[in-house]
Amino acid sequence: MWYPKYMLQRRFAIFLGAGTSAGAFSGLLAYGINFMNGVRGYQGWSWIFILEGIATVVIGFVALFVMVDYPSTVTFLTPKEKQYIIQRREFSEVDERGGVAAQARAAFTDWQVWAICIVQMSITVPLYGITYFL
C-alpha cells in the first residue's frame, strides 16, 4: 500500500462505490449494446460479451505497464517524494506481534467483527435477492 492504514477505509469505500455504480449502469449499457443485434451476424447478447471482454483485456494490458508495485520503483516521483511516501508508510505500521494466527484468532473472537458481519449480511442478502430474483 502506498498510503497509511488509517486511509484504508476511504479507499475501500471508493472501491465499493465504484462497484455499485458499475452495477447501476451495466443494465443501461447492456440495453444499448443489445441494439447491435444482427451486426456481423452476432446476436445482441454476444456483442455484450465481446465488447465488455475487449474492454477488460485492454484495461488489464494497460494496467500491466502503468501500475507499479512500490513507491521506490516509480519513475514519475522525485526521490524526495518517494522517500516521503516510504517513511509515511513505515510510521503508520500497526503492531504485528503474534503472527497471522494470533491476529486471525483475535479477529474471530472480537464481537465488533461479528456485529459488522451481521450488518453486512443484513444489507447484502436482501440487496442481491432483489437484484437477481425480482
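Remember, predicted model here, so these are calculated numbers, not experimental data.

Participant: How do you make sense of the confidence of the model for the protein chain when you look at a structure like this?
Facilitator: If pLDDT is low for a region, its predicted coordinates should not be looked at in detail. Looking at the protein chain, pLDDT values average 87 and 94% of them are 70 or higher. Across the protein chain, the secondary-structure element scoring lowest on mean pLDDT is helix H3 (residues 79–91), at 85, and the one scoring highest is helix H2 (residues 44–66), at 94.

Participant: I'm lost on the layout of surface pockets in this one. Help?
Facilitator: Vacant regions in the atomic arrangement are exposed by a probe of water-molecule size rolled over the atoms. The space that makes up the largest pocket amounts to roughly 570 Å³. If you trace the largest pocket, you find 14 residues lining it, with Leu-16, Gly-19, Thr-20, Leu-127 and Tyr-128 closest to the centre.

Participant: Sorry, what's going on with helix H1 (residues 8–33) here?
Facilitator: One turn of the α-helix equals 3.6 residues, which is why residues spaced by three or four share an orientation. In this model H1 runs 36 Å from its N-terminal to its C-terminal C-alpha over 26 residues, within 8% of the 38 Å that 1.5 Å per residue would give. The principal kink in H1, of about 35°, is found at Phe-25.

Participant: Where do I start with unusual backbone geometry in this structure?
Facilitator: For residues besides glycine, phi is generally negative; the peptide bonds are generally trans as well. Positive phi, close to 55°, is recorded for Arg-40, a residue that is not glycine. By secondary structure assignment, the location of Arg-40 is in the loop between H1 and H2. Judged by its relative accessible area of 76%, Arg-40 falls in the exposed class.

Participant: Hey, could you run me through a nonpolar patch on the surface in this one?
Facilitator: Where nonpolar side chains cluster on the molecular surface, the patch consists of Leu-51, Ile-54, Val-58, Phe-61, Val-62, Leu-64, Phe-65 and Val-66 and spans about 810 Å² of accessible area. For Phe-61, a relative accessible area of 53% corresponds to the exposed category.

Participant: Is there a simple way to explain the environment of Tyr-3 in this structure?
Facilitator: On the secondary structure map, Tyr-3 appears in the segment before H1. Taking the C-alpha atoms as reference points, Tyr-3 and Gly-99, separated by 96 residues in sequence, lie 22 Å from one another. Not counting chain neighbours up to four residues away, the residues in contact with Tyr-3 comprise Leu-8, Arg-11 and Arg-88.

Participant: How do you make sense of H3 when you look at a structure like this?
Facilitator: The first and last C-alpha atoms of H3 sit 18 Å apart over 13 residues, in line with the 18 Å expected at 1.5 Å per residue. Within the span of H3, buried status applies to Lys-82, Ile-85, Ile-86 and Arg-89. Looking straight down H3, one finds that the buried residues subtend no more than 95° of arc, so they occupy a single side. Opposite the buried face of H3, at more than 90 degrees from it, the exposed residues are Lys-80, Tyr-84 and Phe-91.

The rules behind these values
Residues numbered from 1 in each chain as written. Predicted model: local features only at pLDDT ≥ 70, side-chain atom pairs only at ≥ 80, totals over all residues. Heavy atoms only, no water. pLDDT = per-residue confidence, 0-100. Helix = DSSP H or I, 4+ residues; strand = E, 2+ residues; numbered from the N terminus. 1 Å grid on protein atoms, 1.4 Å probe; cavity = no way out; pocket = protein on both sides within 12 Å on 5 of 7 lines; lining within 4 Å. Points joined across faces, edges and corners; volume = space filled by probe spheres on them. Expected span 1.5 Å × (residues − 1). Bend = angle between axes of the 7 residues up to and from the residue. Buried < 20%, exposed > 50% of the residue type's maximum accessible area, 1.4 Å probe, protein only. Patch = residues over 30% accessible without salt bridge, like charges linked within 9 Å, V, L, I, M, F, W, Y side chains within 5 Å. Areas by Shrake-Rupley, 256 points an atom, 1.4 Å probe, with all protein chains shown as cover. Salt bridge = Lys/Arg side-chain N within 4 Å of Asp/Glu carboxyl O. Contact = heavy atoms within 4.5 Å. Arc of directions from axis to C-beta.

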